[in-house]
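# Geometric and topological summary
Each chain, letter by letter, is given below.
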Amino acid sequence: MTGIKIDGRAYAEGLRERISQAVKELPDQPALAVVLVGDDPASQVYVGSKAKFTVECGMRSLEHKLPADASEEDVVSLVRTLNADKDVDGILVQLPLPAGLNSDRVIEEIHPDKDVDGLTEASAGRLSLGKAGLRPCTPTGCVMLAKDQLGDLSGKHCVVLGRSILVGKPAALLFLEQNCTVTIAHSRTSNLEDICKSADILVAAVGRPQMVQAEWIKEGACVIDVGINRVPSLKRPGKTRLVGDVNYLPSKKIAGSITPVPGGVGPMTIACLLRNTVIAACSRRGWATPAVLDF
Ligand code: NDP
């Protein structure tokens, strides 16, 4: 048996099409403001992609660039201005911020109703309490892909490997919201292999290249690999390649379905950010949230 390769790129493309459709039906265009501080090349690429997809989906993209030597007060003041701007629906501060700036403090300044990354304490509290709010993007993408494969997730045992604030913890709460029985595993977990092997859905978010082996996977399980790790290329000396946290090829022979890296969870993050921008616009401006955004 060979598992199905879960095509996150195709799912993300379909989601962006649904978002475009939804935006066309809205009374006005939602707007996403992205704050970029400094000139980190990777951050510039991410911000560029976010802007491109925002516009492609029919929304307004507002880019705010601050120099690398901007003070924390400058960044906070910009975020406050965007909070007060009635034409801005979502605010994203591109991380990491340059050394010396306290990203926790800056993120906390974002109004929770515009927190399209779902990273503020208020958004985390709303998720934890099961209240409506903006959910973190990458973990939401994990749930969407699992649901697309398995349908109703009720009663499934979901093991989330990793407990970071960015991925592991919110992923666990989002799978709980789907009525899964959730186990969170981390670096101090005993019998990691056995726990992983009991998972119907295994979410790997450890940041350790190919740590999860085929022997750790239950036959037929749905494996969602969040990891993005750069390792030396085997074929091209001096070059690197991307691998996930799961040893993909042998695991695919055991799993029922599995996300590749790249092309699995990665593309979902921006698509979920765009979805959050529409949700934020609708809830802030009193419009009904379009049903095509449901999953
Ligand atoms: P963190 O480093 O913040 O967290 C890693 C987690 O894995 C921690 O909870 C840690 O446990 C746990 N862990 C580390 N080593 C082990 C081990 N040997 N056994 C068991 N648990 C272990 O990483 P992130 O959550 O931010 O990211 C995880 C991966 O996802 C990374 O590869 C990252 O690049 C990728 N990522 C991908 C995104 C995407 O868009 N696809 C977005 C965000 C992240 P403990 O808490 O005990 O230390």
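Preceding this paragraph is the structure being described.
First, a word on what this report is: a plain description of the structure on this page. (Residues numbered from 1 in each chain as written. Predicted model: local features only at pLDDT ≥ 70, side-chain atom pairs only at ≥ 80, totals over all residues. Heavy atoms only, no water.)

### Topic: unusual backbone geometry
Here is the rule: Here a strand is any run of E in DSSP of at least two residues, a helix any run of H or I of at least four, and the numbering for each starts at the N terminus.
Cis geometry is found at the peptide bond from leucine 95 to proline 96, where omega equals 0°. On the secondary structure map, proline 96 appears in the loop between strand 4 (90-93) and helix 4 (103-109). For the peptide bond that leads from valine 261 to proline 262, omega is 0°, which places it in the cis range. Turning to its location among the elements, proline 262 is positioned in the loop between strand 11 (257-258) and helix 10 (266-285). Of note, asparagine 179 is a non-glycine position whose phi angle comes to about 70°, a positive value.

### Quick look at the nonpolar core
Stated formally: Residues grouped as a nonpolar core are buried Ala, Val, Leu, Ile, Met, Phe, Trp, Tyr and Cys residues, joined through side-chain atoms within 4.5 Å. Buried, partly exposed and exposed residues are distinguished by accessible area as a fraction of the type maximum, computed with a 1.4 Å probe on protein chains only: under 20%, between the cut-offs, and over 50%, respectively. Two residues form a contact once any of their heavy atoms are found within 4.5 Å.
Formed by 54 residues in total, the largest nonpolar core has its most connected members in Ile19, Phe175, Ile201, Val203, Ile224 and Val278. When residues of this core are assigned to their parent elements, the largest contribution, 11 residues, is made by helix 10. If we ignore the near neighbours within four places in the chain, the residues touching isoleucine 19 are Cys57, Met59, Ala271, Leu274, Arg275, Val278 and Leu293. By size, the runner-up hydrophobic cluster in this structure holds 18 residues, among which are Val35, Val75, Val76 and Leu82.

### Some remarks on the packing of aromatic side chains
The line we're drawing: Side-chain rings of Phe, Tyr and Trp (the six-membered ring for Trp) are treated as a pair once their centres are within 6.5 Å; stacked means planes under 30 degrees apart, edge-to-face means over 60, and tilted covers the remaining angles. When the NZ atom of lysine or the CZ atom of arginine is within 6 Å of a ring's centre and also within 35 degrees of its normal, the charge is said to sit over that ring.
In this structure the tally under the stated criterion is zero aromatic pairs. Lying over the aromatic face of phenylalanine 53, lysine 52 brings its terminal NZ or CZ to 4.3 Å of the ring centre.

### A look at helix 10
As a reminder of what qualifies: Expected span of a helix: the number of residues minus one, times 1.5 Å.
Between its terminal C-alpha atoms helix 10 stretches 30 Å, which fits the 28 Å expected from 20 residues at 1.5 Å a residue. Summarising burial for helix 10: 14 of the 20 residues are buried, a large majority.

### Examining the sheet that holds strand 4
Just so we agree on the cut-off: Two strands qualify as a pair provided DSSP detects at least 2 bridges between them. Angles here are taken between N-to-C directions and fall from 0 to 180 degrees, while the axes themselves are lines fitted to C-alpha atoms, restricted in helices to the stretch in contact.
Spatially, the three strands line up as an open sheet ordered 3-2-4, and their pairing is parallel. The outermost strands of the open sheet, each flanked by one partner alone, are strand 3 (60-66) and strand 4. Averaged over all adjacent pairs, the angle separating strand axes in this sheet is 20°, with direction ignored. Bridge count for strand 2 (residues 31-37) against strand 4 is four bridges, and the pairing is parallel. By the bridge assignment for strand 4, alanine 33 is matched with isoleucine 91.

### With respect to the packing of helix 6 (residues 137-150) against helix 10
Note the following rule: We call two directions roughly parallel when the angle between them is under 35 degrees, roughly antiparallel when it is over 145, roughly perpendicular when it lies between 65 and 115, and oblique otherwise. We call Asp, Glu, Lys and Arg charged. Ala, Val, Leu, Ile, Met, Phe, Trp, Tyr, Cys and Pro are nonpolar, and the rest, Gly among them, are polar.
Where helix 6 contacts helix 10, the axes come no closer than 8 Å and their chain directions differ by 105°. The angle between helix 6 and helix 10 falls in the class roughly perpendicular. Residues Cys137, Thr138, Thr140, Gly141, Met144 and Leu145 of helix 6 form the contact with helix 10, whose participating residues are Met268, Thr269, Cys272, Leu273, Arg275 and Asn276. Of the residues belonging to the contact of helix 6 with helix 10, the class tally is six nonpolar, five polar and one charged.

### Considering the sheet that holds strand 6 (residues 181-185)
Pairing is parallel across the open sheet formed by six strands, whose spatial order is 1-11-8-7-5-6. At either end of the open sheet lies a strand with only one pairing partner, and these are strand 1 (4-5) and strand 6. Bridge count for strand 7 (residues 201-204) against strand 8 (residues 222-225) is four bridges, and the pairing is parallel. Across the sheet, leucine 202 pairs through a bridge with valine 223, a residue of strand 8.

### Digging into the pairing of strand 7
Here strand 7 shows no split at all, with Ile201 and Val203 on one side and Leu202 and Ala204 on the other all buried. Where strand 5 (residues 157-161) lies against strand 7, four bridges are found, and the strand directions are parallel. Paired with leucine 161 across the bridge in strand 7 is alanine 204.

### Quick word on the site of the ligand
For clarity, the threshold we go by: Put simply, a residue is near a molecule or strand once any heavy atom of it comes within 4 Å of that molecule or strand. Polar contacts, as counted here, are pairs of nitrogen or oxygen atoms within 3.5 Å of one another; within protein the pair requires one atom able to donate a hydrogen and one able to accept it, and residues that are adjacent in sequence qualify only if both atoms are side-chain atoms. Every accessible area reported is derived by Shrake-Rupley at a probe size of 1.4 Å, with residue values counting cover from the shown protein chains alone.
Close to the ligand lie 20 residues; Arg163, Ser164, Ser187, Arg208 and Thr269 are nearest. In the model, an oxygen atom of the ligand is placed 2.5 Å from a nitrogen or oxygen of the serine 164 side chain. Measuring from an oxygen atom of the ligand, one finds a side-chain N or O atom of serine 187 at 2.5 Å. Contact with the protein chains covers 71% of the free accessible surface of the ligand, which is 940 Å². The residue inventory of the shell around the ligand, partitioned by class, reads eight nonpolar, 10 polar and two charged.

### A closer look at the pairing of strand 3
Let me state the cut-off plainly: Looking down the strands as they point away from you, a crossover is right-handed if its path from the first strand over the helix to the second goes clockwise.
With seven bridges connecting them, strand 2 and strand 3 associate as parallel partners. In the strand pairing of strand 3, valine 37 is matched with leucine 66. In this fold, the crossover linking strand 2 to strand 3 by way of helix 2 (residues 41-56) has right-handed handedness.

### Quick word on the environment of asparagine 276
Mapped onto the secondary structure, asparagine 276 falls in helix 10. For asparagine 276, a relative accessible area of 3% puts it in the buried group. Between the alpha carbons of asparagine 276 and arginine 135 there is a distance of 7.7 Å; along the sequence they are 141 residues apart. Residue contacts for asparagine 276: discarding those within four places in its chain leaves Val116, Leu134, Arg135 and Cys137.

All quantities given are derived from atomic positions and should not be read as evidence of function.
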